[in-house]
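As a plain string of letters, each chain reads:
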Amino acid sequence: MNKAKPKGPVPSLIGGTNGRPARETVKQASKCSRCKGDFKKGDPCIEIPTHGGPFVKYKRYCDVCFQAILEKTYKDLEEVKAL
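Overview of the structure. All values derive from a computational prediction rather than experimental measurement.

A separate point is the overall build of the protein chain. Counting secondary structure elements, the protein chain contains one helix and five strands. In the protein chain, the succession of α and β elements from N to C terminus is β-β-β-β-β-α. Across its three principal directions, the C-alpha atoms of the protein chain cover 45 × 30 × 20 Å. Across the 83 residues of the protein chain, 24% fall into the buried class. Once local pairs closer than 6 in sequence are excluded, the contacts in the protein chain between residues at least 24 apart make up 55%. When the accessible surface of the protein chain is summed, it comes to about 6100 Å², and 56% of that surface belongs to carbon and sulfur atoms. For the protein chain, the distance from the average position of its 17 positive side-chain charges to the average position of its 9 negative side-chain charges is 6 Å.

As structure tokens, then:
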């Protein structure tokens, strides 16, 4: 897997544009939406739907990037709880 250091801030699952994440099997070769690591056909990934138009698009993430997204989401929830 060719992994580069992810650029930009870590996304959070808190927001109105993201759907529920699901573990899926890759049906065709693609890349992680965050670190650009390669997925081969049959590899597991996490898909997060993004709504914003008439069609649902899915962003695929590897397990390492998804763990960073979960940590950011937990941090955001803690900040909301502190209000």
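Once you've had a look at it, read on.
Let us look at the pattern of salt bridges. For the structure on display, the rule yields five salt bridges. Residue Lys31 is joined to Asp38 by a salt bridge in which the shortest nitrogen-to-oxygen separation is 2.6 Å. We classify Lys31 as partly exposed; its relative accessible area is 46%. Residue classification places Asp38 among the partly exposed positions, given a relative accessible area of 27%. A salt bridge links Lys81 to Glu78; the nearest nitrogen and oxygen atoms lie 3.8 Å apart. Remark: Glu78 and Lys81 occur in helix 1 (residues 63-81); sequence separation between them is three residues, near one turn of the helix.

Cut-off values and rules
- Residues numbered from 1 in each chain as written.
- Predicted model: local features only at pLDDT ≥ 70, side-chain atom pairs only at ≥ 80, totals over all residues.
- Heavy atoms only, no water.
- Helix = DSSP H or I, 4+ residues; strand = E, 2+ residues; numbered from the N terminus.
- Buried < 20%, exposed > 50% of the residue type's maximum accessible area, 1.4 Å probe, protein only.
- Contact = heavy atoms within 4.5 Å.
- Areas by Shrake-Rupley, 256 points an atom, 1.4 Å probe, with all protein chains shown as cover.
- Lys, Arg positive; Asp, Glu negative; His and termini not counted.
- Charge placed at Lys NZ, Arg CZ, Asp CG, Glu CD.
- Salt bridge = Lys/Arg side-chain N within 4 Å of Asp/Glu carboxyl O.

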